[in-house]
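Coordinate inspection notes
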Amino acid sequence: MLNFTIRRLVLSIPTLLFISLVIFLLLQLAPGDPMAQVPLTVPPEVKQKMREALGLGAPIHIQYIKWLQQFFVVEPSVFIDYLTNKSFLLGWLPDTQLSMTVDPVTGELVEKQRVISWQTRSPVMDIVIQRMPQTLWVVGLSYLVGILIAIPIGIYSAYRHYSLFDQAGTFITMVGFSIPPFFTGPLLIVIFSVSLGWLPSIYDTTLVVDSWATFKTQFLQMIMPVMVLALQTTAQISRYMRSAMLDNLNQDYVRTARAKGLKESVVVMVHVLRNSMIPVVTIIAMGMPAIFGGAIITENVFKVNGIGQLLLTALFANDLPMVMTLTFIFAILIVLFNLIADILYGVLDPRIRYD
Amino acid sequence: MKMRTLLMGAIATTAFAPVAFADGHEGERGRDGQLNIIYWQAPSILNPFLSGGTKDLEAASLVLEPLGRYDENGALVPFLAEEIPTVENGGVSEDLTSITWKIAEGMQWSDGTPVTSADVKFTAEYCMHPEGGCAQGAKFSGVESVEAVDERTIKVTFDGPQPNPYQPFMGAQSPILQMAQFKDCLGPKAPECTEANFNPIGTGPFVVKDFRPNDVIQFEANPNYRDPSKPAFATVNFKGGGDAAAAGRAVLETGEFDYAWNLQLAPDVIAKMAEAGKGTPISAFGTLVERIEINLTNPSPDLPAETRSTIAEPHPILSDFKVRKALSMAIDRELLTEVGYGQAGRATCNFVPAPALYASDNTECLTQDIEGAKALLEEAGWTDTDGDGIRDKDGMKFSLLFQTSTNAVRQDFQALIKDFWNQIGVETELRNLDGSVFFGGDPGSPDTFQKFYADVEMYANNFDGTDPQAYLGSRRCGTEPKPSSQWQGENINRFCDPAYDALLDELETTGELEKRGEIARKLNDMLTKDTMTILPLVDRGRVSAASTTLGGVVLNVWDSELWNVADWYRKK
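These numbers were taken from a predicted model, which means no experiment stands behind them.

**Structural notes on the overall build of chain B**
Scanning chain B for helices and strands turns up 15 helices and 20 strands. Taken against the 2.2 N^0.38 rule, which gives 25 Å for 572 residues, the C-alpha radius of gyration of chain B at 25 Å falls within 12% of a compact globule. With the C-alpha coordinates of chain B rotated into their principal frame, the extents come out at 80 × 55 × 45 Å. Every one of the 572 residues in chain B was classed for burial, and the buried ones make up 58%. A separation of at least 24 residues holds for 68% of the contacts in chain B among residues at least 6 apart in sequence. Carbon and sulfur atoms make up 51% of the accessible area of chain B, which amounts to about 21,100 Å² in all. Of the side-chain charges in chain B, 50 are positive and 84 negative, and the distance between the mean point of each set is 2 Å.

**Here we look at a negative patch on the surface**
Taken together, the side chains of Glu88(B), Glu94(B), Asp95(B), Glu512(B), Glu514(B) and Glu518(B) define an acidic patch exposed on the protein surface. Along the chain, the position of Glu94(B) falls in the loop between strand S3 (76-78) and strand S4 (98-102).

**Re the state of the cysteines**
Residues and elements named next belong to chain B. Tallied over the full model, the rule gives four disulfides over all chains. The disulfide that involves Cys127 links it to Cys134, with 2.0 Å between the sulfurs. The disulfide joining Cys127 to Cys134 has a torsion of about -85° about its S-S bond and is therefore left-handed. The exposure classification of Cys127 matches that of Cys134, with both residues buried. Paired through a disulfide, Cys477 and Cys496 show a sulfur-sulfur distance of 1.9 Å. Residues Cys477 and Cys496 are joined through a disulfide that is right-handed, its torsion about the S-S bond being 100°. Here Cys477 is found in the loop between helix H13 (469-473) and helix H14 (498-509), whereas its partner Cys496 is found in the loop between H13 and H14, with 19 residues between them in sequence.

**A look at helix H6 (residues 244-252) of chain B**
In terms of residue burial, H6(B) counts as a mostly covered element, since eight of its nine residues are buried. Each element contacted by the buried residues of H6(B) is listed here: helix H6 (181-195) of chain A together with strand S1 (34-39), strand S10 (259-260), helix H7 (267-274), strand S11 (279-294) and strand S18 (534-547) of chain B.

**Considering the packing of aromatic side chains**
The tally for this structure, following the rule as stated, stands at 29 aromatic pairs over all chains. For the ring pair Trp67(A) and Phe71(A), a centre distance of 5.1 Å and an interplane angle of 15° mean the geometry is stacked. Taken together, the residues span about one helical turn, with Trp67(A) and Phe71(A) both in helix H3 (residues 60-85) at a distance of four residues. Taking relative accessible area as the criterion, Trp67(A) reaches 5% and is therefore assigned buried. Classification of Phe71(A) by relative accessible area gives buried; the value is 10%. Geometry around Tyr453(B) places Arg308(B) over its ring, the cationic atom sitting 3.6 Å from the centre. Positioned above the aromatic ring of Phe285(B), the side-chain terminus of Arg346(B) is 3.8 Å from the ring centre.

**Looking at the pattern of salt bridges**
The final tally for this structure, using the stated rule, is 34 salt bridges over all chains. With its nearest N and O atoms 2.4 Å apart, the salt bridge here joins Arg542(B) to Glu561(B). Linking Arg542(B) in strand S18 with Glu561(B) in the loop between strand S19 (550-551) and strand S20 (569-570), this pair joins segments that are 19 residues apart in sequence. On the basis of relative accessible area, Glu561(B) is assigned to the buried category, the value being 0%. Through salt bridges that share partners, Glu75(A), Arg114(A) and Asp126(A) make up one connected network.

**Here's the deal with empty space enclosed by the protein**
All names here are of chain B. This model, assessed by the stated rule, comprises four cavities of 30 Å³ or more. Considered as a void within the structure, the second largest cavity measures approximately 40 Å³ in volume. In this structure, the second largest cavity is lined by Ser328, Arg333, Cys349, Asn362, Cys365, Thr528, Lys529, Met532, Ile534, Leu535 and Pro536. Ranked by the residues each element gives to the lining of the second largest cavity, the list is headed by S18, at three residues. Of the residues that constitute the lining of the second largest cavity, the class distribution is six nonpolar, three polar and two charged.

Reading the values: the criteria
- Residues numbered from 1 in each chain as written.
- Chains lettered and ligands numbered in written order.
- Predicted model: local features only at pLDDT ≥ 70, side-chain atom pairs only at ≥ 80, totals over all residues.
- Heavy atoms only, no water.
- Helix = DSSP H or I, 4+ residues; strand = E, 2+ residues; numbered from the N terminus.
- Rg over C-alpha atoms; globule rule 2.2 N^0.38 Å.
- Buried < 20%, exposed > 50% of the residue type's maximum accessible area, 1.4 Å probe, protein only.
- Contact = heavy atoms within 4.5 Å.
- Areas by Shrake-Rupley, 256 points an atom, 1.4 Å probe, with all protein chains shown as cover.
- Lys, Arg positive; Asp, Glu negative; His and termini not counted.
- Charge placed at Lys NZ, Arg CZ, Asp CG, Glu CD.
- Patch = residues over 30% accessible without salt bridge, like charges linked within 9 Å, V, L, I, M, F, W, Y side chains within 5 Å.
- Salt bridge = Lys/Arg side-chain N within 4 Å of Asp/Glu carboxyl O.
- Disulfide = S-S within 2.5 Å.
- Phe/Tyr/Trp six-rings, centres within 6.5 Å; stacked < 30°, edge-to-face > 60°.
- Lys NZ or Arg CZ within 6 Å of the ring centre and 35° of its normal.
- 1 Å grid on protein atoms, 1.4 Å probe; cavity = no way out; pocket = protein on both sides within 12 Å on 5 of 7 lines; lining within 4 Å.
- Points joined across faces, edges and corners; volume = space filled by probe spheres on them.
- Nonpolar A, V, L, I, M, F, W, Y, C, P; charged D, E, K, R; others polar.

So, in structure tokens, the structure goes:
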């Protein structure tokens with residue numbers, strides 16, 4: 001298994017490099033201009049100067065190599081410097097200055113050029129880190145809530161196959177699956193914010209939870225986005241759970257267990273459930289990168305302003321370094337979680353061996 | 001009206017405003033708690049010189065201030081300056097080649113240090129740096145030098161006479177930066193100063209406490225603000241993101257926010273939201289005009305690429321003034337406005353609809369006259385000889401291709417106008433193109449508005465600030481898009497009239513406001529009612545929304561919408 005993991009990790013390096021090249025070229029080919037949002041009243045000569053200041057004049061391969069160097073060399077060294085200088089965990093280590101370089105003219109220590117966003121003219125990674133908490137809280141929690149609702153529904157639907165509960169569950173999951181969040185989101189806002197006035201329609205990202213009152217505010221503002229997203233997760237995972245349970249319920253070992261005189265609850269909850277979880281766990285693992293990727297539409301509807309909203313605004317503004325970095329981070333996460341899912345599969349099911 | 005009169009009026013208005021509104025909202029700084037503002041486009045940076053986006057300029061205007069601003073009528077008001085320099089008060093030289101500003105006494109940055117002429121001089125250096133890519137570079141074009149005469153006096157010298165010397169350091173586009181904070185951020189180093197670009201030190205009523213790009217900004221009242229009783233609010237929560245409908249809803253329906261910017265929504269949607277009673281939509285008019293541009297050259301696809309839609313080939317139908325006039329007479333502008341913009345639009349016949357000084361009293365196009373239009377076409381020789389309902393002349397049918405960008409309101413307008421023109425026997429073929437292509441300016445594309453491969457086209461445009469000189473100058477002979485200029489150019493109609501150019505030359509050397517107004521109005525009339533080259537339709541306003549509990553809001557389209565946020569207060 002260790003061999004397999006190492007082999008896969010090594011193989012993922014060329015894969016990721018290839019992905020980064022494809023993303024870069026696709027973005028280059030896409031129509032659009034970072035100056036598109038600048039009003040018509042700004043003359044064309046000024047716009048041209050602004051483009052040059054963004055580094056758009058350089059040849060394409062230079063731009064790509066610069067990005068690679070910034071992403072793979074400068075950004076990790078900034079992170080290491082942070083760890084050794086300021087972090088709580090590793091702050092005792094001697095301070096490093098990997099991300100610093102000596103300015104040839106003045107001889108002073110200056111920071112190396114990081115991946116800079118065209119919209120904000122600031123390092124992309126700082127904004128990504130700033131956005132992480134909102135996204136992890138809202139999207140991550142909705143994933144958890146979705147799983148917690150989906151698994152019991154899936155189990156019971158399979159156990160009482162074609163019962164009223166199963167039919168109703170199927171109906172609701174189909175609805176949840178087919179209705180997009182840009183419909184359910186505003187619908188919930190109109191009901192709970194506009195008509196009833198119970199919940200806020202705009203998420204406050206600056207809220208600091210330090211008392212019961214702020215906890216309640218945080219709870220209230222998270223209900224709607226979390227439920228909208230959880231509906232999607234629930235729909236998807238409960239279907240997988242149901243079909244995995246159905247596959248196992250008719251197996252010989254289930255009949256054996258019942259014949260042994262085991263209680264029905266033990267048969268279903270221990271024997272069948274454990275075996276049915278194998279494919280579901282891998283599905284859950286493969287869905288994890290989506291949490292980090294945020295939920296573009298739902299974040300916008302509720303103004304959660306996490307990673308998804310960041311990607312969307314960057315796309316609208318043609319902020320290529322931001323789009324490139326974000327999509328590439330997603331690519332890394334997907335490759336990584338695919339590997340984790342494969343390993344988990346092997347761990348859960350002893351019949352599966354990769355070596 | 002002279003500049004001085006305008007100024008006196010502005011000063012008088014500000015002086016009387018507190019008296020008029022003195023309903024118990026005066027008091028100490030920060031008495032009214034938090035102000036919640038929502039912009040559906042989130043600000044990315046608070047340095048207006050690195051971003052041309054309106055959202056960024058307006059967010060920065062809470063902190064950074066220029067020497068002078070435009071008020072809601074487009075008049076100039078001093079902010080950091082003692083007064084607006086004019087020729088009369090000696091601030092602008094007689095030959096219009098220099099302007100001398102004086103910073104008012106006792107102006108302080110929010111960190112407590114004094115504002116000096118060195119800061120102003122530095123701001124010019126910052127924006128004029130050749131490698132800086134300054135978004136407001138056009139404000140400093142023609143500036144030869146900026147000198148600090150003494151601690152509080154700055155002299156800007158231009159490379160020639162400049163009848164409108166209020167370009168640098170005026171308005172939301174050109175505020176003053178603190179030299180101490182930005183001195184290491186010149187030119188290519190500008191993006192390295194993230195800390196300064198996100199948390200600029202300013203002189204405005206608020207200071208940045210926390211800036212989260214493309215998300216939210218938190219401001220606090222500036223402890224060193226020049227008026228000890230302002231601002232009334234202690235903190236500002238400036239949320240960004242989402243869409244116009246959600247922003248409108250948060251102010252008008254749920255009351256979560258106090259102010260929402262630029263609600264580009266259908267008039268019935270806004271009216272429906274306003275019924276909830278939590279807020280009121282407010283609107284004001286600037287210079288944005290939705291218009292039909294007439295192609296004076298022949299766009300026929302049968303012509304070779306070198307001459308198609310160029311001055312070498314005059315338009316076979318539209319070169320006749322009577323025909324263009326008939327097309328204008330057939331349009332019911334009031335109906336179009338009601339359908340498309342409601343409260344946020346007014347029918348207009350002017351290319352330059354405002355400020356009042358430059359707006360012509362041209363209103364004759366506002367009445368639809370189908371019969372008159374028909375008579376004019378008959379007079380011009382266009383008759384329906386074959387009885388198919390479409391006029392013709394010398395075997396040519398009166399058929400036009402009408403193009404615009406894809407947008408619900410524009411397609412409604414197209415359908416209505418097609419119907420109006422049908423009533424006078426003109427056949428219209430409609431076409432709409434994606435905005436990013438239509439306005440994109442790609443010389444290889446046949447579908448750009450500059451290339452104008454159609455007979456008539458519709459879009460909106462405006463000008464920055466209050467002076468229309470450059471805007472009117474766009475119709476000068478020879479500035480039309482053509483193959484030799486890679487189809488770049490602003491003279492969309494391919495209009496050319498030596499008398500118009502002569503008048504433009506006169507405008508460029510005239511400094512006296514009264515006279516400038518007169519010339520500008522004449523130029524406007526030459527393009528509209530005298531030649532019917534441009535058929536203005538709607539003067540499009542700006543609609544924002546303010547909570548019913550928010551007082552002191554004066555919507556301003558000439559400067560930042562938040563220009564007078566220091567005077568806002570909570571109604572008790």
